[in-house]
Amino acid sequence: MFGDNINAVGFFERNLTSRAEFSRTPWCSKKATAYVIDVSPSMWQAPTADDSLPIELAKKAVVGLLDVKLLANAKTDITSVLAVGTDDTDYGPIEDFDEDYEHIKVITGLEMPTLDLLRTVQHQLPQGNAPGNCLDGISAAIEIIKRHCRHLKYEKKIFLMTDGESPMSSIRLQQIVDELRNNGIEIFVLGIGFSDPDEDTNDPSKSQTKLANEDLFRDLVSRAPGSSYITPMDSALEEISQPYVRPVRPTPLYRGALTISNKNEYGDSALGVNVTMYARTKKASLPSFKKWSVLAENAQDNQQKTHEVLRTYSYTVWDDENGVEVHVDKEDLMKAYPYGATLVPAQNFDEEQFKLDTNMALDILGFVRVTEINKDLFLGETLSIVPQKEDRASALAFSALAHAMYEKNLIGLARFVKRIRGPPVMLGLIPHITAERELIYGYMLPFNEDIRYYEFPPLDRVQSQKGEIRSDHPLLPSPELSDKMRQFIEQMDLMNVPDEDGQPTEYLHKKQFNPTAVLIKKSVNHRALNPGAELPPPDESVLSILKPLPDMINRNQSLADELAELCDIVKSQEKQKRSRRDRGEEVEEEEVDIDELFALASDEQSKRTRREEGSGSSMTVGREDPIRDFEAMVAYRAEDLVTTAVEQMCAVIKEFISGDDLEKHALALNCIKVLRNACTKENESDTFNNFLRELRDICLHAEAPRTDFWNQILQEQISLISTDEAIDSSTSINEAQQFLQSASSSHQDVEMSDV
């Protein structure tokens, strides 16, 4: 159901935004776009409904469209800007126009947009004093595009920003339509104060000139090629203000056969389907900042300023004999791999031996039920697998495979190798079938090294240290709390949100943008156009997707208050500010009652004592931070918990080394160091010595020996506590030294027996 909703949204967006250039082409192609801006007197005089001048709205639209092109920074995307209604006529870089157009100024020919062009549109547009003929501006834009693009394949568009208040003649309308059709140029009219295309244009508040021009533009776009369109400026600005997502050309990650049987065993008779794999999702990186040289500001030659920063690296080693640093060339460096506490130089290895002898492949190893794979184990990006284009046989076989997996509720397990001698990965293949498309999604599955195992206490029961299951514990929810929480979750269901008429409907954001990326792009654009102005605040329309629906919160506020009361949730007290005395300021001394101070101190001490007496029995050495818990129990003075802490720490260490988790092994080694230090000071030396002997037997003589862990103990020189270190120890110095030597020899014997 969720996948169908996503597809419906995508279908809606494609049809909605295909009408205009700001509809974000899926990938970069050759584009030639001309922007025609009406600068007639009416554009600078008549304010709109929101008290904005029409020219300001036109500027905002053009700057927004050019900003998209600057962010894309595509060399194949070129633009031209023309002004209609200027006092003089200036064709700029365009010469020998066949037609004699008046009151037109070509600000720039077809070229890549620059920041200077944005600043010109924003701050330096000419203000005309003569009515401009927008049809002449369209004809000039057609001529500019024709001269540059010629017969080459371009995506050609013209944008016209006007309020339609200047008189125009329709005599040349058919000629313009023919030119648009013959050259494949689409035209989009962004009309200031225009009516919606689906509404009646006979608005009595509009002038007769505006009504006539609006009908003329509607006739023009209806006969123009492609997805030409006329739209009110308000609707266009709403679409243009959407955050920009840089188009990405779909690049295949894999193009080859999807085999089902063993190709090495069955050869060409193995069942295979020619497929292409693309990345369905990929984490987008935030805009990065480049290094900028401030020293270049003081350079004399302005034309050669690049502000580029070149970085150089130097490598040095310490010479112990002479006590100085010695420079080393990069060519003299080599890689080294850690092996315990030792680094093994890479020159002893052929790095190619670390790579498996694999070929590009996508092989299905088998199928399992959907319920057999936990989706929380999926890693990384989502892949889309489709049959290769113009291969009908593969498309038929692929469809049969997808439908069979879908009907049987199966997931395919596949081995994927992206390149020759590349590392193999495991993929889970899940079919996705809708009325519009059939494909298979690939999700990366983890190896054992990729899984993190964490233990959490159960939420539905509490078990005491004696193993008793308690049903009346404060951590367990009451039936009333469970019922209220169930109601709260049902009321906050986004698939059942009341609409304007109170009817339940599905709530789903069609677009979700990264607020941080949007803020960076918006700030860079604002600072580029307005260097001295303050940066704008984050866009509330983007931040709204990160917040709950206000109506839903208000509707369920009473239920949330009941939950807060049942859960005994109270607001924490804010940290008290530092006093003036703490800040070093002079404060008038106040008289203090000494008896009152002693009474408060005595009361606080008694509270602390009662608190300590009541909490000692509940202290244990946990698995999350055993060292902190152990040190807290040893330092506890209201009750002697040293022996208990030592016994619990010993049990935790044994538990940590019983598994194969290397992180727990490292933690166990640190625990042994802390345990030995505490036993030396707290008269528990014999307890530690007995534990270390037992640990040696576990590591060397158990059914599953832990020789690697015992090797770390030997490297750290962790031995028995001798009489030289603790008075209560019954182990002499010689015995402690012999223990290490015998432990080392026993360790070598175990390794030889393994060999």
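Residues numbered from 1 in each chain as written. Predicted model: local features only at pLDDT ≥ 70, side-chain atom pairs only at ≥ 80, totals over all residues. Heavy atoms only, no water.

Per an unreviewed UniProt entry, the protein goes by ATP-dependent DNA helicase II subunit 2 and derives from Paraglomus occultum. As its UniProt record puts it under Sequence similarities (unreviewed entry), the protein is described as follows: "Belongs to the ku80 family." (UniProt positions renumbered as here; feature names shortened; annotations may be inferred.)

Undergrad: Can you help me understand the layout of surface pockets in this one?
TA: To find the voids left in a structure, one rolls a probe of water-molecule size over its atoms. In this structure, the second largest pocket spans a volume of roughly 1,900 Å³. Contributing to the lining of the second largest pocket are 42 residues, with Tyr454, Glu455, Phe456, Arg623 and Glu624 lying nearest its centre. Counting residues per element, the ones that place at least two in the lining of the second largest pocket are strand E18 (462-463), helix H16 (626-635), helix H17 (642-657) and helix H18 (662-681). Per-element accounting of the lining of the second largest pocket gives the leading share, 5 residues, to H17. Looking at the lining of the second largest pocket residue by residue, the classes come out as 17 nonpolar, 10 polar and 15 charged. (1 Å grid on protein atoms, 1.4 Å probe; cavity = no way out; pocket = protein on both sides within 12 Å on 5 of 7 lines; lining within 4 Å. Points joined across faces, edges and corners; volume = space filled by probe spheres on them. Helix = DSSP H or I, 4+ residues; strand = E, 2+ residues; numbered from the N terminus. Nonpolar A, V, L, I, M, F, W, Y, C, P; charged D, E, K, R; others polar.)

Undergrad: Which parts of the structure should I look at to understand the packing of aromatic side chains?
TA: Under the criterion given, the structure shown has 7 aromatic pairs. Ring centres of Tyr35 and Phe159 lie 5.6 Å apart, and the angle between their planes is 35°; this geometry places the pair in the tilted category. Here Tyr35, found in strand E1 (residues 31-38), pairs with Phe159, found in strand E4 (residues 155-162); they are 124 residues apart in sequence, far enough to count as distant. According to the relative accessible area criterion, Tyr35 is buried, its value standing at 0%. Classification of Phe159 as buried rests on a relative accessible area of 0%. With centroids separated by 5.7 Å and ring planes inclined at 90°, the aromatic side chains of Tyr254 and Phe416 adopt a geometry described as edge-to-face. Of this pair, Tyr254 sits in strand E7 (residues 254-259) while Phe416 sits in strand E15 (residues 410-417), placing them 162 residues apart in sequence. Owing to a relative accessible area of 4%, Tyr254 belongs among the buried residues under this scheme. Taken together, Tyr35, Phe159 and Phe188 form an aromatic cluster joined through their ring pairs. (Phe/Tyr/Trp six-rings, centres within 6.5 Å; stacked < 30°, edge-to-face > 60°. Buried < 20%, exposed > 50% of the residue type's maximum accessible area, 1.4 Å probe, protein only.)

Undergrad: Would you explain H18 in this entry?
TA: The periodicity of an α-helix, 3.6 residues per turn, causes residues three or four places apart in sequence to face the same way. Given a rise of 1.5 Å per residue, 20 residues ought to cover 28 Å, and the 29 Å separating the end C-alpha atoms of H18 matches this to within 8%. Residues of H18 that are buried include every one of His665, Ala668, Leu669, Cys671, Ile672, Leu675, Arg676, Ala678, Cys679 and Thr680, and no others. Structurally, H18 contributes buried residues whose contacts are with H16, H17, helix H19 (685-701) and helix H20 (707-715). At the C-terminal side of H18, Asn683 shows a positive phi close to 60°. (Expected span 1.5 Å × (residues − 1). Contact = heavy atoms within 4.5 Å.)

Undergrad: Before we go on, may I ask you to explain the pattern of salt bridges in this structure?
TA: Between side chains of opposite charge, a pair can form when the charged atoms approach closely. The full count for this structure, using the stated rule, is 23 salt bridges. Among the salt bridges present, the one from Asp219 reaches Arg223, with a minimum N-O distance of 3.3 Å. Residue Asp219 and its partner Arg223 are both found in helix H6 (residues 208-223); the two are separated by 4 residues, about one turn of the helix. Arg223 gets classed as partly exposed once you look at its relative accessible area, which sits at 24%. With a shortest N-O distance of 3.7 Å, Asp483 and Arg486 are connected by a salt bridge. (Salt bridge = Lys/Arg side-chain N within 4 Å of Asp/Glu carboxyl O.)

Undergrad: Quick question: what am I supposed to make of the environment of Gly85 here?
TA: Mapped onto the secondary structure, Gly85 falls in the loop between strand E2 (77-84) and strand E3 (104-111). The exposure class of Gly85 is buried, given its relative accessible area of 0%. Residue contacts for Gly85: discarding those within four places in its chain leaves Val39, Ser40, His103, Gly128, Asn129, Ala130, Pro131 and Gly132.

Undergrad: Could you clarify how one ought to interpret the sheet that holds strand E16 (residues 425-433) in this entry?
TA: Strand pairing in a sheet is mediated by backbone hydrogen bonds. Such pairs are either parallel or antiparallel. Taken in spatial order, the 7 strands of this closed barrel run E7-E8-E14-E17-E16-E15-E13, and their pairing is mixed. Looking at each pair of strands side by side, their axes are set apart by 35° on average, direction ignored. Alignment of E7 against strand E8 (residues 272-279), held across 6 bridges, turns out to be antiparallel. Note on E8: the bridge partner recorded for Leu258 is Val273. Across the sheet, helix H9 (residues 392-408) touches E7, E8, strand E13 (361-369), strand E14 (379-387), E15, E16 and strand E17 (438-445), and the angle it forms with E17 is around 65°. (Pairing = 2+ DSSP bridges. Axes fitted to C-alpha atoms, helices over the stretch in contact; angles between N-to-C directions.)

Undergrad: Any chance you could explain the packing of helix H10 (residues 479-491) against helix H14 (residues 557-566) here in plain terms?
TA: Two packed helices can be described by the angle between their axes and the distance between those axes. The interhelical angle for the contact between H10 and H14, taken along N-to-C directions, is 150°, at an axis separation of 10 Å. Taken as axis vectors, H10 and H14 run roughly antiparallel relative to one another. Crossing geometry of H10 relative to H14 is assigned as left-handed. Residues Glu480, Leu481, Lys484, Met485, Gln487, Phe488 and Gln491 of H10 lie in contact with H14, whose contacting residues are Leu559, Ala560, Glu562, Leu563 and Leu566. Grouping the amino acids of the contact of H10 with H14 by side-chain chemistry returns 7 nonpolar, 2 polar and 3 charged. (Parallel < 35°, antiparallel > 145°, perpendicular 65-115°, else oblique. Left-handed = near helix turned anticlockwise from the far one by under 90°.)

Undergrad: Is there a simple way to think about a nonpolar patch on the surface in this case?
TA: A contiguous nonpolar surface patch, about 320 Å² in accessible area, is contributed by Tyr313, Tyr315 and Leu333. With respect to the helices and strands, the residue Tyr313 is situated in the loop between E8 and strand E9 (315-319). (Patch = residues over 30% accessible without salt bridge, like charges linked within 9 Å, V, L, I, M, F, W, Y side chains within 5 Å. Areas by Shrake-Rupley, 256 points an atom, 1.4 Å probe, with all protein chains shown as cover.)

Undergrad: Which parts of the structure should I look at to understand H9?
TA: Spanning 17 residues, H9 covers 24 Å between terminal C-alpha atoms, matching the ideal 24 Å at 1.5 Å per step. Taken together, the buried positions of H9 are Ser394, Phe398, Ser399, Leu401, Ala402 and Met405. Relative to the axis of H9, the buried residues are bounded by an arc of 165° and lie together on one face. The outward face of H9, more than 90 degrees from its buried face, is lined by the exposed residues Arg392, Ala393, Leu396, Glu407 and Lys408. (Arc of directions from axis to C-beta.)

Undergrad: Hey, could you run me through the pairing of E7 in this one?
TA: Every other side chain in a regular strand lies on the same face of the sheet, so the side chains alternate between the two faces. For E7 and E13, the ladder comprises 2 bridges, and the chain directions are parallel. Bridging from a neighbouring strand, Leu258 pairs with Leu362 of E13.

Undergrad: Would you mind going over the sheet that holds strand E5 (residues 185-191) with me for this structure?
TA: With mixed pairing, the 6 strands of this open sheet are ordered in space as E3-E2-E1-E4-E5-E6. The open sheet terminates on both sides in strands that have one partner only, identified here as E3 and strand E6 (229-232). Neighbour to neighbour, the strand axes of the sheet diverge by 15° on average, direction disregarded. In the sheet, E4 pairs with E5 via 7 bridges, with the strands oriented parallel. Its bridge partner being in E5, Lys157 is matched across the sheet by Glu186. Of the strands in this sheet, E4, E5 and E6 are in contact with H6, which crosses E6 at around 140°.

Undergrad: Before we go on, may I ask you to explain the packing of helix H4 (residues 134-149) against helix H5 (residues 173-183) in this structure?
TA: Packing of H4 against H5 brings their axes to within 11 Å, and their N-to-C directions diverge by 25°. Looking at the two axes, H4 sits roughly parallel to H5. Seen along the crossing, H4 lies across H5 with a hand that is left-handed. Here H4 contributes Leu135, Ile138, Ser139, Ile142 and Lys146 to the contact with H5, which in turn contributes Ile176, Glu179, Leu180 and Asn183.

Undergrad: Looking at this model, I keep getting lost on a negative patch on the surface. Mind explaining?
TA: On the surface, a cluster of negative charge is contributed by Asp50, Asp51, Asp234 and Glu238. Note on placement: Asp234 falls in helix H7 (residues 233-240). On the accessibility criterion, Asp234 (56% relative accessible area) is exposed. (Lys, Arg positive; Asp, Glu negative; His and termini not counted. Charge placed at Lys NZ, Arg CZ, Asp CG, Glu CD.)

Undergrad: Hey, could you run me through the side chain of Lys156 in this one?
TA: Looking at where Lys156 falls in the secondary structure, it is placed in strand E4. Buried and unpaired, Lys156 has no salt bridge, with Glu179 as the nearest side chain of opposite charge at 10 Å. Only 2.7 Å separates the side chain of Lys156 from the backbone oxygen of Asn183, close enough to count as a polar contact. In this view, Lys156 contacts Ala32, Ile145, Cys149, Asn183, Gly184, Ile185 and Glu186; residues no more than four positions away in its chain are not counted. (Polar contact = N/O pair within 3.5 Å; in protein donor to acceptor, adjacent residues only side chain to side chain.)

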